Structures are given as C-alpha cells and as structure tokens.
Amino acid sequence: QVQLVESGGGLVQAGGSLRLSCAASGRSSTATMGWFRQAPGKEREFVAAIRWAGGSTAYADSVKGRFTISRDNAKNTVVLQMNSLKPEDTAAYYCAANNGVISRHDSHYDYWGQGTQVTVSP
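The present account deals with the structure reproduced in this document. A quick note: this is a predicted structure, and the numbers were derived from the prediction, not measured.

The rules behind these values
Residues numbered from 1 in each chain as written. Predicted model: local features only at pLDDT ≥ 70, side-chain atom pairs only at ≥ 80, totals over all residues. Heavy atoms only, no water. Pairing = 2+ DSSP bridges. Helix = DSSP H or I, 4+ residues; strand = E, 2+ residues; numbered from the N terminus. Axes fitted to C-alpha atoms, helices over the stretch in contact; angles between N-to-C directions. Buried < 20%, exposed > 50% of the residue type's maximum accessible area, 1.4 Å probe, protein only. Contact = heavy atoms within 4.5 Å.

## Things to note about the sheet that holds strand 7 (residues 67-72)
Sheets are built from strands that pair by backbone hydrogen bonding, the pairs being arranged parallel or antiparallel.
So, point 1. In spatial order, the strands read 1-3-8-7; together these four strands make up an open sheet with antiparallel pairing. Two strands close off the open sheet at either side, each with one partner strand: strand 1 (3-7) and strand 7. Put simply, the sheet's adjacent strands are angled 15° from each other on average, direction ignored.
So, point 2. Of the strand pairs in this sheet, strand 1 and strand 3 (residues 18-25) are connected by five bridges, and their pairing is antiparallel. Paired with Leu-4 across the strands is Ala-24, a residue of strand 3.

As structure tokens, this is what we get:
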C-alpha cells in the first residue's frame, strides 16, 4: 500500500519561494514521483516528475528554471523547491506516484496525496 503525504504549502508574495515535500510510504512499489497542480476552474496539470532510480527529471515549460524537483531515497521523500513564484502558480499541489516511467499525464499515476494549497499574492 502506497501512501503519499504532502506538506509545505502556504501563502507567499510574488517572487518568493516555497518548498513542498512528499513523504512516500510503501515507496518500494513506486518508480516515479510526480507533482501536479490544479487551480480553481482549471484542469489538473503536470508540474514536475523524478525517477527514484537515477534521478532523471522532467518539468512543465511554465516552471522550468524556477522549480526544482529532488528526491531523498533514504528518507523516501520528494521535494519540490519553488522559486520566483508568480500569482499564476496559485493552485492545489498534488504528489503522485506510479510504477513506470516519467509521464506528464495524470492518468498514468496510480497513487495520489491529499494535496497542499499554494497561494501566491501579487
């Protein structure tokens, strides 16, 4: 059984930074971890993903150069460091996991956390 628990959301001014963490229990059943976000009235969108083995990563164009995804295999934790935040980054952020390759499609992820809210004020 895989359980994902996010933490680290909050309110920040534009240009600021936030660090989201995702703790994964049952991590051995997963190969790839991803972050997605969903703003009110919008579809859920891919943000970033990382492989436990090797650490290969992928980013949405909208966050490339501002966000960094990393993993700590020993602690079964994935971190999303978000810098230079913009109001359009405001959304609920979800951690997700699958037992396959990196994918930008939420349907390719089997496990989801409960989400953490990120709000960026102008």
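Read on, since the account is not over.
## Description of the pairing of strand 4 (residues 32-38)
So, point 1. Burial of strand 4 is extensive: six of the seven residues sit out of reach of the surface.
So, point 2. Relative to strand 5 (residues 45-51), strand 4 runs antiparallel, the two being bridged by six bridges. The partner of Gly-34 across the bridge, within strand 5, is Ala-49.
So, point 3. Both strand 4 and strand 9 (residues 91-98) contribute to a ladder of seven bridges, which runs antiparallel. Across the sheet, Arg-37 pairs through a bridge with Tyr-93, a residue of strand 9.

## A short note on the environment of Gly-34
So, point 1. For Gly-34, the location among the structural elements is in strand 4.
So, point 2. Under the relative-accessibility criterion, Gly-34 is labelled buried at 1%.
So, point 3. In this structure, the C-alpha to C-alpha distance between Gly-34 and Pro-122, residues 88 residues apart in sequence, is 27 Å.
So, point 4. With residues up to four places along the chain from it excluded, the contact list for Gly-34 reads Ala-48, Ala-49, Tyr-94, Cys-95, Ala-96 and Tyr-109.

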